[in-house]
Amino acid sequence: MFTIRPFADNAADYAALSALIGAIWPDRAVAVVAQQHFDQARRAGHFFQRYLLSSAGAPVGYCECGEPADSYRPGKYAFDIGVLPGWRGRGLGAALYDHLVGEVSQRPLPLTMLACRTREDRAETVHFLQKRGFEQVMRSPIAVLDVAQFDFAQVAGAVAQVTESGLQLVSLAELPALDPHWQERVYELDWECTLDEPLPDTPTKMPFAHYAGEVFGNPDFLPEAWFVAIDHGRYVGMTATNRNATNPQQLDTIFTGVVRSHRRRGIAKALKGLAIDYAHRHGYQVIKTDNEEHNPMFQINLALGFQPEPALLFFQKVFPM
């Protein structure tokens, strides 16, 4: 006998969710405090709901869906479904999916799109999605760097070239003393670079307060490992690297970008080099990131020594109006 109920914002349900995600996606395990932070950010002006599936009172699966603030369109929902390995093959994933679709279909706006992601080595999940009419819209290889094997000499020239051209390379930990408006300028730089980033759907600019809460309020935010390039007061490039809440030896690069006017000047390589050097000096063992497979940043990462792993696959299903 299985039951599906709404997730409760209490310690017991967060502990259950953390255990589920850790068992289903060991490399995506999220600390409870980080999960609570992301949930609060996702609910800022947008619908978000999660459900737990239990057997005899013990959680064995979950599903969640919400309006994506970073690519909002009326009737679009991003979702995730997970079932414990030992409970798969019993129709539980299908039950969670049907429940989720039923719930969002009752929302005021007509359902227009469902979006999700998985990894290419999860063949059963890919089949599950394709069977239900989802189409793959983007592939993003994950890449991992062994920090101990990195030779800073390979980026020292790029760092020198960038600084000798008159640009400043500054960590976010240093910015408050230099610029009282640094948060707003990082926000605008992030958006300008995002407009040129390969993405599975058209991006939406989040309000600054939402961005600041989600990004700068993230418990894994590591300003010492974020670097920006500044050209006479204008922010022209950035790399954003955070702690990994469940692996203290790992850092995660979540974004690197350079504005159009300053590309092909070695800025991205220099910024990433400074972040890798930070990781090396502070005893981190690995840095993990992902990039759309045709994004030039992926080739920069490979040249720096990142090794590709199974890619993230992004899927969408469009519903007729």
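Look up a bit, the structure's there.
Conventions and cut-offs
Residues numbered from 1 in each chain as written. Predicted model: local features only at pLDDT ≥ 70, side-chain atom pairs only at ≥ 80, totals over all residues. Heavy atoms only, no water. Helix = DSSP H or I, 4+ residues; strand = E, 2+ residues; numbered from the N terminus. Buried < 20%, exposed > 50% of the residue type's maximum accessible area, 1.4 Å probe, protein only. Contact = heavy atoms within 4.5 Å. Axes fitted to C-alpha atoms, helices over the stretch in contact; angles between N-to-C directions. Parallel < 35°, antiparallel > 145°, perpendicular 65-115°, else oblique. Nonpolar A, V, L, I, M, F, W, Y, C, P; charged D, E, K, R; others polar. Phe/Tyr/Trp six-rings, centres within 6.5 Å; stacked < 30°, edge-to-face > 60°. Lys NZ or Arg CZ within 6 Å of the ring centre and 35° of its normal. Pairing = 2+ DSSP bridges. Expected span 1.5 Å × (residues − 1). Arc of directions from axis to C-beta. Left-handed = near helix turned anticlockwise from the far one by under 90°.

Another point: unusual backbone geometry. With a phi angle near 50°, His232 is a residue other than glycine that sits in the positive phi range. By the element assignment, His232 lies in the loop between strand E8 (227-231) and strand E9 (234-243). Here the phi dihedral of Arg264 falls at roughly 60°; this positive angle occurs in a residue that is not glycine. Following the sequence through the fold, Arg264 ends up in the loop between strand E10 (250-258) and helix H9 (267-281). Arg264 gets classed as exposed once you look at its relative accessible area, which sits at 84%.

Structurally, the position occupied by Val30 is in the loop between helix H1 (11-24) and helix H2 (32-42). Along the chain, Val30 and Gln130 lie 100 residues apart, while their C-alpha atoms are 27 Å from each other. The contacts of Val30, once residues within four sequence positions are left out, are Ser18, Gln35 and Thr246.

A few words on the packing of H1 against H2. At their nearest, the axes of H1 and H2 sit 10 Å apart, and the two run at 105° to each other. Judged on the interaxial angle alone, H2 and H1 are roughly perpendicular. Across from Tyr14, Ala15, Leu17, Ser18 and Ile21 in H1, the residues of H2 making contact are Val32, Gln35, Gln36 and Asp39. By residue class, the composition of the contact of H1 with H2 is five nonpolar, three polar and one charged.

Turning to the packing of aromatic side chains, a few remarks are in order. Applying the stated criterion across every chain yields a total of 14 aromatic pairs. Plain terms: the ring middles of Tyr187 and Phe208 are 5.3 Å apart, the flat faces sit at 70° to each other, and that makes the pair edge-to-face. Note that Tyr187 is positioned in helix H7 (residues 182-194) and Phe208 in helix H8 (residues 208-215), a separation of 21 residues in sequence. One aromatic cluster in this structure is built from Trp182, Tyr187, Phe208, Tyr211, Phe216, Phe221 and Trp226. Sitting above the plane of the Phe128 ring, Arg132 keeps its charged end 3.7 Å from the centroid.

Here we come to the pairing of strand E12 (residues 307-318). Inspection of the sheet shows strand E5 (residues 113-119) paired to E12 by seven bridges, in the antiparallel sense. Each bridged residue has a counterpart across the sheet, and for Cys116 the counterpart in E12 is Phe315. As paired elements, strand E6 (residues 135-146) and E12 share eight bridges and run antiparallel to each other. Bridge assignment links Ser140 to a residue of E12, and that residue is Leu312.

Our focus in this paragraph is H7. In this model, H7 (13 residues) spans 18 Å end to end at C-alpha, consistent with the 18 Å of a helix rising 1.5 Å per residue. Among the residues of H7, Trp182, Val186, Tyr187, Leu189, Asp190, Cys193 and Thr194 are the ones counted as buried. Taken around the axis of H7, the buried residues stretch over an arc of 165°, which confines them to a single face.

With respect to the secondary-structure elements, Val60 resides in strand E3 (residues 58-66). Since its relative accessible area comes to 3%, Val60 is described here as buried. When the C-alpha atoms of Val60 and Ala115 are compared, they prove to be 23 Å apart, with 55 residues separating the residues in sequence. Beyond its immediate chain neighbours, meaning those up to four positions away, Val60 contacts Leu20, Leu53, Ser54, Ser55, Gly82, Val83, Leu84, Trp87 and Leu92.

A pair of packed helices can be characterised by two numbers: the angle between their axes and the separation between those axes. In contact at an axis separation of 8 Å, helix H5 (residues 153-164) and H9 are set at 120° when each is read in the N-to-C sense. Judged by the inter-axis angle, H5 sits oblique to H9. Two packed elements cross with a definite hand, and for H5 against H9 that hand is left-handed. Contacts between H5 and H9 involve Gln154, Val155, Ala158, Val159 and Val162 from the former and Ile267, Lys269, Ala270, Gly273 and Leu274 from the latter. The residue makeup of the contact of H5 with H9, split by class, is seven nonpolar, two polar and one charged.

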